[in-house]
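Inside the fold
Below, each chain spelled out in residue letters.
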Amino acid sequence: LSGCFWVPNSASDYGYVASWGFYTILLLAMIGGIISFQYNSGFGADLAKFSIYYGIWNLVPFGQLDGSRLFFGVFWGWIFLTLLYIIGLLFVVV
C-alpha cells in the first residue's frame, strides 16, 4: 500500500499542497462575489470579504501556517498569491 498514496517529501511539495488551500479560498471568495452581484445579497458580500480576510491572515509566514510552508517552499508562488489576495482585498474594500 505504500505506492498507493502520494506523500510530500520536500519543502516545495508542502508548498504546492498548501497553495491549493489558498486557491480554494479565492474560489470561495469569487462565488461570494457572484452571489452578491447576482442576488444583491449581504451573505455573498460577507462570504467574499471573510474569505479574503482569512486568506490574507493565512498567508502570513509565521509558525506552522500554510503561508510559511508556501513562503519557504515555493517563494514565487507565495508572491503570486499575495498579489492575488491584495487585488481581492481592493475589490472587497472598494
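Residue numbering note: each chain is counted from 1, following its sequence as written. Thresholds applied to this predicted model are a pLDDT of at least 70 for local features of residues and 80 or more for the giving and counting of side-chain atom pairs; totals over whole chains, interfaces and linings are not thresholded and use all residues. No hydrogens and no water enter the side-chain calculation; it runs on all heavy atoms of the structure.

Before going further, it helps to spend a moment on the overall build of the chain. Scanning the chain for helices and strands turns up four helices and zero strands. The way it works is that DSSP assigns letters per residue, a run of H or I at least four long becomes a helix, a run of E at least two long becomes a strand, and they are numbered from the N terminus. When its helices and strands are written in sequence order, the chain yields α-α-α-α. Dimensions of the chain, computed from C-alpha atoms along their principal axes, come out at roughly 50 × 30 × 20 Å. Three exposure classes are used, based on accessible area relative to the maximum for each residue type with a 1.4 Å probe and protein chains only: buried under 20%, partly exposed in between, and exposed over 50%. Counting every position in the chain, which comprises 94 residues, the buried fraction comes to 28%. For accessible areas, the Shrake-Rupley method is used with a probe of radius 1.4 Å. Any residue's cover is judged against the shown protein chains and nothing else. A total accessible area of about 6,600 Å² is found for the chain, and carbon and sulfur atoms account for 73% of it.

A word on the packing of helix α2 (residues 42-59) against helix α4 (residues 75-93). Axes here mean lines fitted to C-alpha atoms, for a helix over just the part in contact, with angles spanning 0 to 180 degrees between N-to-C directions. Orientation of α2 relative to α4, taken along the N-to-C sense of each, is 150 degrees, at an axis distance of 10 Å. As far as their axial angle goes, α4 and α2 are roughly antiparallel. Taken as a pair, α2 and α4 cross one another with a handedness that is left-handed. Where α2 abuts α4, its residues A48, K49, S51, I52, Y53, G55, I56 and L59 lie against W78, L81, T82, Y85, G88, L89 and V92. Here roughly perpendicular refers to angles of 65 to 115 degrees, roughly parallel to angles under 35, roughly antiparallel to angles over 145, and oblique to all remaining angles. When the near helix sits turned anticlockwise from the far one by under a right angle, the crossing is termed left-handed; a clockwise turn instead gives a right-handed crossing. Residues count as neighbours in contact if any of their non-hydrogen atoms are within 4.5 Å of one another.

The next thing to look at is unusual backbone geometry. For N40, which is not glycine, the phi dihedral falls at a positive 50 degrees. Following the sequence through the fold, N40 ends up in the loop between α1 (11-39) and α2.

With that settled, the discussion passes to the nonpolar core. Listed in full, the eleven residues of the largest apolar core are F22, I25, L26, A29, I52, L59, L70, V74, W78, L81 and Y85. Every element with two or more residues in this core is listed here: α1, α2 and α4. Ranked by residues supplied to this core, first place goes to α1 with four residues. Discounting residues that sit within four places of it in the chain, V74 has contacts with S12, G15, Y16 and R69. Nonpolar cores are built from buried Ala, Val, Leu, Ile, Met, Phe, Trp, Tyr and Cys residues. Side-chain atoms within 4.5 Å join them into one set.

Let us now look at the pattern of salt bridges. Only one rule defines a salt bridge in this text: a Lys or Arg side-chain nitrogen within 4 Å of an Asp or Glu carboxyl oxygen. Enumeration according to the criterion identifies one salt bridge in this entry. Among the ionic pairs, K49 bridges to D46, the shortest N-O distance being 3.8 Å. With K49 and D46 both in helix α2 and three residues apart, this pair spans about one turn of that helix. Residue classification places K49 among the partly exposed positions, given a relative accessible area of 26%.

In this structure, I56 sits in helix α2. A relative accessible area of 29% places I56 in the partly exposed class. Considering only alpha carbons, one finds I56 and L89, 33 residues apart in sequence, at a separation of 8.7 Å. In contact with I56, not counting residues within four places along its chain, are Y85 and L89.

Remember, this is a structural readout, not a statement about activity or role.
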